[in-house]
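Spelled out from the first residue to the last, the chains are:
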Amino acid sequence: MSSATTSVLFVCLGNICRSPLGEGIFAALAKERGLADHFHADSAGTAAYHTGEPPDSRSIAVAAAHGVRLTGYARQVTPRDFEHFDVIVAMDRSNLRSLKRLHQRSRRRAGTPADIVLMRDYDPGAHDADVPDPYYGGQDGFERVYRILERACGGLLDELSDTLRD
Ligand code: 4NP
């Protein structure tokens, strides 16, 4: 297996609900599988509404209930992210469109290798293309998002681990 690190950036709108959960769950799964040294996870938002804030308390609570600790503060995606990350994972189709627009406009795009993908394409139980935005709902929505992300991060990690073995 290659010793190189694969860096993965999880992206939602505000970087306080879904993408910090994606980052935390992905890192926890990588650790569980003995692959912590092979992956680096981070998260960001397409919007700047919550820049500098910690994750939403409902995301922190659902993660803690599953033994996952969320770290980091919200930040907006920057053109540099397309250079620095191997894979950029959008939580929904709207985030995916925003990312592709930003990538197009970025003067740094020449030679940038980042793959921009949709989170639920890796969810074997997906009935919808999007990880639903739980911000305006209750705690149950965060539990649902957690279960979706657990499946989808597992699927993504399966796929990226296969690449490591190539
Ligand atoms: P996230 O959720 O994109 O999963 O972090 C949201 C957080 C904040 C807002 C919308 C969605 N907002 O409109 O402020």
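Quick summary incoming for the structure in this document.

The rules we used
- Residues numbered from 1 in each chain as written.
- Predicted model: local features only at pLDDT ≥ 70, side-chain atom pairs only at ≥ 80, totals over all residues.
- Heavy atoms only, no water.
- Salt bridge = Lys/Arg side-chain N within 4 Å of Asp/Glu carboxyl O.
- Helix = DSSP H or I, 4+ residues; strand = E, 2+ residues; numbered from the N terminus.
- Buried < 20%, exposed > 50% of the residue type's maximum accessible area, 1.4 Å probe, protein only.
- Phe/Tyr/Trp six-rings, centres within 6.5 Å; stacked < 30°, edge-to-face > 60°.
- Arc of directions from axis to C-beta.
- Polar contact = N/O pair within 3.5 Å; in protein donor to acceptor, adjacent residues only side chain to side chain.
- Contact = heavy atoms within 4.5 Å.

Considering the pattern of salt bridges
Reasoning step 1: Throughout the structure, instances matching the rule amount to 10 salt bridges.
Reasoning step 2: Close ionic contact of D158 with R33 constitutes a salt bridge, the shortest N to O distance being 2.8 Å. Here D158 is found in helix α5 (residues 139–165), whereas its partner R33 is found in the loop between α1 (18–32) and β2 (39–45), with 125 residues between them in sequence.
Reasoning step 3: Owing to a relative accessible area of 42%, D158 belongs among the partly exposed residues under this scheme.
Reasoning step 4: Across the pair R75 and D42 runs a salt bridge whose closest N-O atoms are separated by 3.3 Å. One end of the pair, R75, is in the loop between α2 (57–65) and α3 (81–84); the other, D42, is in strand β2, with 33 residues separating them in the sequence.
Reasoning step 5: Residue class for R75 comes out partly exposed when judged on its relative accessible area of 23%.
Reasoning step 6: Look at the salt bridges and you will find they share partners, linking D42, R75 and D81 into a network.

Structural notes on the packing of aromatic side chains
One pair of aromatic rings is described through two measures. These are the centre distance and the angle between the planes.
Reasoning step 1: As enumerated under the stated definition, the model contains three aromatic pairs in all.
Reasoning step 2: Ring centres of F26 and F39 lie 5.5 Å apart, and the angle between their planes is 90°; on these two criteria the pair is classed as edge-to-face. A residue pair is termed long-range when its members are at least 10 positions apart, and F26 in helix α1 and F39 in strand β2 qualify at 13 residues. Both residues of the pair, F26 and F39, belong to the buried class.
Reasoning step 3: Among the aromatic side chains, those forming a connected cluster through ring pairs are F10, F26 and F39.

Some words on α2
Reasoning step 1: By the burial criterion, the buried members of α2 are R58, S59, V62 and A63. The buried residues of α2 all sit within an arc of 130° when viewed along its axis, so they share a single face. The exposed residues of α2 that point more than 90 degrees off its buried face are S57 and A65.
Reasoning step 2: Looking at where α2 begins, the residue whose side-chain oxygen comes 2.8 Å from the main-chain nitrogen of R58 is D56.
Reasoning step 3: Downstream of α2 by a residue or two, G67 has a phi angle that is positive, lying close to 80°.

Here's the deal with the environment of F82
Reasoning step 1: For F82, the position within the fold is in helix α3.
Reasoning step 2: When the C-alpha atoms of F82 and A64 are compared, they prove to be 30 Å apart, with 18 residues separating the residues in sequence.

A few points about the environment of V68
Reasoning step 1: Note that V68 resides in the loop between α2 and α3.
Reasoning step 2: On the basis of relative accessibility, which here comes to 10%, the residue V68 falls in the buried class.
Reasoning step 3: Put simply, V68 and A28 are 40 residues apart on the chain and 6.8 Å apart in space, counted from C-alpha to C-alpha.
Reasoning step 4: Other than its neighbours up to four places away in sequence, V68 contacts G24, I25, A28, A63 and Y146.

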